[in-house]
Amino acid sequence: LLEGSKAIETRNYDLPKALIGKRIQILETKPGEDGVSDLGDYISGLDMEANESLNIVGWVVFGRVIEYRNGTNFEADEKKHLVTKGSAYGWNLKKKIIYGWVVSAYEKYGEEMTETRGWSMTRRLRSLYELRPGRIGEESILIDKLVEG
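Each value, and the rule that gives it
- Once a new chain begins, its residue numbering starts again from 1 and follows that chain's sequence as written.
- Whole-chain, interface and lining totals are the exception, using all residues; otherwise, since this is a predicted model, local features are given only for residues with pLDDT of at least 70 and side-chain atom pairs are given and counted only at 80 or more.
- As a convention, hydrogens and water are excluded, and side-chain values are obtained from all of the structure's heavy atoms.
- Numbering of helices and strands runs from the N terminus, with a helix taken as a DSSP run of H or I at least four residues long and a strand as a DSSP run of E at least two residues long.
- Each residue is assigned to one of three classes by its accessible area relative to the maximum for its type, calculated with a 1.4 Å probe on protein chains only: buried under 20%, partly exposed between the two thresholds, exposed over 50%.
- We call two residues in contact when some of their heavy atoms are within 4.5 Å.
- Throughout, the Shrake-Rupley method with a 1.4 Å probe supplies accessible areas, and for residues the shown protein chains are the sole cover considered.
- Salt bridges are counted wherever a side-chain nitrogen of Lys or Arg sits within 4 Å of a carboxyl oxygen of Asp or Glu.
- Here, any two strands with at least 2 DSSP bridges between them count as paired.
- Only the six-membered ring of Trp is used, alongside the rings of Phe and Tyr, when aromatic pairs are assigned; centres must lie within 6.5 Å, and planes under 30 degrees apart are stacked while those over 60 apart are edge-to-face, with the rest tilted.

**With respect to the overall build of the protein**
Secondary structure assignment for the protein yields three helices and eight strands. Residues counted as buried form 42% of the 149 residues belonging to the protein. The long-range fraction of contacts in the protein, counting pairs at least 24 apart against all pairs at least 6 apart in sequence, stands at 75%. For the protein, the accessible surface area stands at approximately 8900 Å², while carbon and sulfur atoms represent 49% of it.

Here's what the structure looks like:
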């Protein structure tokens, strides 16, 4: 996503309308089981500091959402979302819809920007977390996403 090769992020749920056009921080986590987050609903600042596999690695802005309602349309965009036909994340007959969050801007941080010290986060919707710094009044949104690299 942050390398520019993926133009659409696919999910089984819609991106909240309030987040379209907003900068969303990307959280890198250790690899785990497909489709299962190993993060809890709340992660304290101390827990984030203690977990070396949690890093804020960049940000993305999604400009719109595509609703894929059939396998033909989903598979036609394979070069944009990079989900192959045989993938567990791909289209199957049980799925009624897959949402494609269309990337409009992104930036990958350098090594010095990956600190999680002083931040805590609370799950708001599936893999979307509210990120809170130590200072009151500043907040952002974070995606729990494995960044491949």
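**Examining the environment of glutamate 130**
Structurally, the position occupied by glutamate 130 is in strand β7 (residues 128-132). Judged by relative accessible area, which is 9%, glutamate 130 ranks as buried. With 105 residues separating them along the chain, glutamate 130 and glutamine 25 place their C-alpha atoms 9.8 Å apart.

**Here's the deal with the pattern of salt bridges**
This structure, assessed with the given rule, holds six salt bridges. Of the charged contacts in the structure, one is a salt bridge between glutamate 9 and arginine 11, with a shortest N-O distance of 3.1 Å. The buried category is assigned to glutamate 9, whose relative accessible area is 2%. A relative accessible area of 12% places arginine 11 in the buried class. Of the charged contacts, one joins aspartate 77 and lysine 80 as a salt bridge, the two residues approaching to 3.8 Å between their closest N and O atoms. Look at aspartate 77 and you get buried, because its relative accessible area is 16%. Through salt bridges with shared partners, a single network forms among Lys6, Glu9 and Arg11.

**Structural notes on the pairing of β7**
Side-chain positions along a regular strand alternate between the two faces of the sheet. Across the five residues of β7, four count as buried, placing the element largely inside the fold. In the sheet, strand β6 (residues 120-125) pairs with β7 via five bridges, with the strands oriented antiparallel. Among the inter-strand pairings, serine 120 is bridged to a residue of β7, identified as arginine 132. Counting the residues between successive antiparallel strands, the hairpin from β6 to β7 contains two residues, one of them, arginine 126, with a positive phi of roughly 45°.

**What about the pairing of strand β5 (residues 98-108)?**
Pairing of strand β1 (residues 8-11) with β5, which is carried by four bridges, proceeds in the antiparallel orientation. When the bridges of β5 are listed, isoleucine 8 appears paired with valine 102. Here strand β4 (residues 55-68) runs beside β5; their pairing, made up of 10 bridges, is antiparallel. Within β5, the position partnered with valine 61 by the bridge is alanine 105.

**Notes on the packing of aromatic side chains**
If you walk through the whole model with that rule in mind, you get four aromatic pairs. Arranged with centres 5.3 Å apart and planes meeting at 75°, the rings of phenylalanine 62 and tryptophan 101 form a pair that is edge-to-face. Note that phenylalanine 62 is positioned in strand β4 and tryptophan 101 in strand β5, a separation of 39 residues in sequence. Here the two residues phenylalanine 62 and tryptophan 101 agree in accessibility, since each one is buried. Plain terms: the ring middles of phenylalanine 74 and tryptophan 91 are 6.5 Å apart, the flat faces sit at 40° to each other, and that makes the pair tilted. Highlighted residues: phenylalanine 74 in helix α2 (residues 71-76) and tryptophan 91 in the loop between α3 (78-81) and β5, separated in sequence by 17 residues. We note that phenylalanine 74, like tryptophan 91, is buried. An aromatic cluster is present here, built from Tyr13, Phe62 and Trp101 joined pairwise through their rings.

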